[in-house]
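# A closer look at the structure
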Amino acid sequence: MGKATKRNRNKKKSRGSAGGPTSVPPNHNVPSTAADTSTSSSAGILGRIRHGDPRVRLGALTALSATVLSADVLSADADAAAAAASRNDDIMGANSSRSSKNNSNKKNVSDGLLKAIAERILDPDVPVALNAAGCISNYTQFSSDVEDAYDFSAGSGSNIVRNSSILAGIGEVLLGRIDKCRIDIERMGQGLAAAATVAASEVAAAATPDHVEEADIMDTADANTTDTCSKNKMRKKKKKTKPSSNATTSRNTVEKMMRSLNQQWVLANLCLTALSALVERSPTALERLGGDGHVSLINDTVGILSLAAQFLTTAGSNGGGVIMDDATTKSVSDAASSSARCIHSALDENLPLLRSLLSTPTALQTLVSTIESGTMPSLARLHCAGALVTCRHLLPRTASSNDDCLDAKLDEMDGVVTSVVLPLLVQYLDYRPDVANALAARIMATEKDMLAEMEEARMEREVEKEVKGRHESARSIARRQKAIKEQKRAAAATAAVEGMDEDETKGDSNLSKAAQERAEGGGGGNVVETAEDLYDKAVEAWRASCLPLKLAVEVTANLCAGSGQDQVGPSFECGMEDDEM
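Residues numbered from 1 in each chain as written. Predicted model: local features only at pLDDT ≥ 70, side-chain atom pairs only at ≥ 80, totals over all residues. Heavy atoms only, no water.

### Overview of the overall build of the protein
Rules: Secondary structure follows DSSP: runs of H or I at least 4 residues long count as helices, runs of E at least 2 residues long count as strands, and numbering of each begins at the N terminus. For each residue, the accessible area found with a 1.4 Å probe, counting protein chains only, is set against the maximum for its type, and the residue is called buried under 20%, exposed over 50%, and partly exposed in between. The contact criterion used throughout is that any non-hydrogen atoms of two residues lie within 4.5 Å. Computed with a 1.4 Å probe, the accessible areas rest on the Shrake-Rupley method; for each residue, only the protein chains presented here act as cover.
In terms of regular secondary structure, the protein is built from 22 helices and 0 strands. Within the span of the protein, comprising 581 residues, buried residues form 31% of the whole. Contacts spanning at least 24 positions in sequence make up 78% of the contacts within the protein whose residues lie at least 6 apart. When the accessible area of the protein is evaluated, it comes to approximately 34,800 Å², of which 55% is carbon and sulfur surface.

In structure tokens, the structure reads:
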């Protein structure tokens, strides 16, 4: 009693003292304001992002990806900002250009928070890096702060919503992580191939009996008694269990390495998606990367394309003992498409990047081989075709006054476009109205089922809420359910009396049993899909059919825009603008 009382008094003293371990001495000279509260909260989230414990960093980034930096929140903020600017323009007219510009300069995410999240992309902990890359990917794709906004009324295009140096810094961080992912993927791929080979040999050894040991055991069985035979058989069985346990361990090792490899591909895809959106929405950020940045951009994107081609070719042929699962295959395909999209978008009106690309012959060869590969995804092949078309358009503008090799380069590029790009475009421009109608009908049907299922779920929640609000006892609930069961039995008996056919009854019961087995996951282990899952699959099938067609049309339009020496000079650009008008 005395010790407990003394301990409680000590706790009270430590809580009241100003020098305790968790206490902060108050500053009575500075009044507390709302600005101080926002600053302290911002400092708190920055501290968590830069915390030494990876679990704290992961929790902070996960919270940001679900709230401030989620795709829905950023899209809603961008739509609200655009609607507000449009409203101001309609009300105040031309004089509101300065006020709408000032309203657009309000940043949704502070520079300090953006830098802290970008730093975590290079985090050694892969889950932390994945969440940070996801936040930056959402920001570059959906935030209105990324787009270059110019004040043309001032006569110059120097006013930008977000400082381009910050966006360029994000681009450099993304390139650094992509390069590290490329190195890690190559290393993990080699290790996975070796581990898969060892696992396959151990599985084969476990399946094949050892003939020498079997012969020795049979000789011992003929010479000795029955007890000796049983001991030898047990010893034989014991020896056979060792290879199987080794095979299981090797298989688990291969699965663990496959999960780590999948994380690296997902991380590379997120970084490439963020970089593609940054390049497309903020060209000034790409311009600030400079020559070294262009070289890194080419090496990283082309390197990811080469690795993706190797992995997908291996997965298609099941060679080398490596069999990728569906999740890893999808991650590789998505990374390949994002890589090709990045190099395609970056080449738009970018002569320095084109010069760096032309100085790397292996890069052009990788683009051509990606187009010719049947295992690469459709979007990756079409983006590579668009990159080659852009190279052909910009090639005359890269020539100097004493360049005698221009005609040879043009002839070579024309041959590539004619023999490689055109057949691909013809293949993907084959529009099938019947297929499009079937996909659209599938989406409408699955959407109707999904909405009906959501309505049923809403009604169930309302009923549960109403029942809880009545505070009904368990006995009354049991009585009510018993009355409902008796009504169902009476209805079934009435239907039987009215002359229901026995065969139909048996058929209905068999169908109900089959449906019950499917609902319980029986019938060969089939998993019942919800209406929302079916709707997502229908949308995914529509996107897989629609997006390649759309991209093929865009590349074809760029190809038909004009080529040759006529592109050189401002007169060609003005002619193109007149034709587009």
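### Describing the pattern of salt bridges
Two side chains bearing opposite charge may form a pair once their charged atoms approach each other closely. The condition is simple: A carboxyl oxygen of Asp or Glu within 4 Å of a side-chain nitrogen of Lys or Arg is what we treat as a salt bridge.
Under the criterion given, the structure shown has 14 salt bridges. Notably, a salt bridge pairs arginine 50 with glutamate 119, separated by 3.2 Å at the nearest N-O pair. Linking arginine 50 in the loop between helix 2 (34–49) and helix 3 (54–66) with glutamate 119 in helix 6 (residues 111–120), this pair joins segments that are 69 residues apart in sequence. Here lysine 330 ties to aspartate 334 by a salt bridge, and the two come within 2.9 Å at their closest N and O atoms. Placement of the pair is lysine 330 and aspartate 334 together in helix 13 (residues 326–346), with a separation of 4 residues, close to one helical turn. With a relative accessible area of 28%, aspartate 334 lands in the partly exposed category. Among the ionic contacts, a cluster of salt bridges with common partners joins Arg57, Arg120 and Asp123.

### What about empty space enclosed by the protein?
Stated formally: Both site types are read off a 1 Å grid over the protein atoms alone. A 1.4 Å probe that fits but cannot get out defines a cavity, while an open set with protein on both sides within 12 Å along at least five of seven lines defines a pocket; lining residues have an atom within 4 Å of a point. Grid points are joined across faces, edges and corners, and a volume is the space filled by probe spheres set on the points. For this classification, Asp, Glu, Lys and Arg are treated as charged, while Ala, Val, Leu, Ile, Met, Phe, Trp, Tyr, Cys and Pro are nonpolar and the rest, including Gly, are polar.
All chains considered together, the criterion is met by 1 cavity of 30 Å³ or more. Mapped by element, the contributors of at least two residues to the lining of the largest cavity are helix 8 (164–207), helix 10 (226–281) and helix 11 (283–287). Its residues assigned to classes, the lining of the largest cavity comprises 8 nonpolar, 2 polar and no charged.

### Structural notes on the nonpolar core
For clarity, the cut-off: Among buried residues, the Ala, Val, Leu, Ile, Met, Phe, Trp, Tyr and Cys ones that are joined through side-chain atoms within 4.5 Å form a nonpolar core.
Within the largest apolar cluster, 103 residues are counted, with the highest numbers of intra-cluster contacts made by Ile117, Trp265 and Leu367. Those residues within four positions of tryptophan 265 in sequence are excluded, and the remaining contacts are Ile185, Ile304, Leu307, Ala308, Phe311, Ser331, Val332 and Ala335.

### Thoughts on the packing of aromatic side chains
What characterises a pair of aromatic rings is the spacing of the ring centres plus the angle enclosed by the ring planes. Selection criterion: Stacked, tilted and edge-to-face pairs are distinguished by plane angle, under 30 degrees for stacked and over 60 for edge-to-face with tilted covering the rest, among Phe, Tyr and Trp rings (Trp via its six-membered ring) whose centres lie within 6.5 Å.
Across all of its chains, the model carries 1 aromatic pair by this definition. Summarising the aromatic geometry, the rings of tryptophan 265 and phenylalanine 311 are spaced 5.5 Å apart at their centres and angled 80° between planes, so their arrangement reads as edge-to-face. Here tryptophan 265 is found in helix 10, whereas its partner phenylalanine 311 is found in helix 12 (residues 290–317), with 46 residues between them in sequence. Across the pair, phenylalanine 311 and tryptophan 265 agree in class, each one buried.

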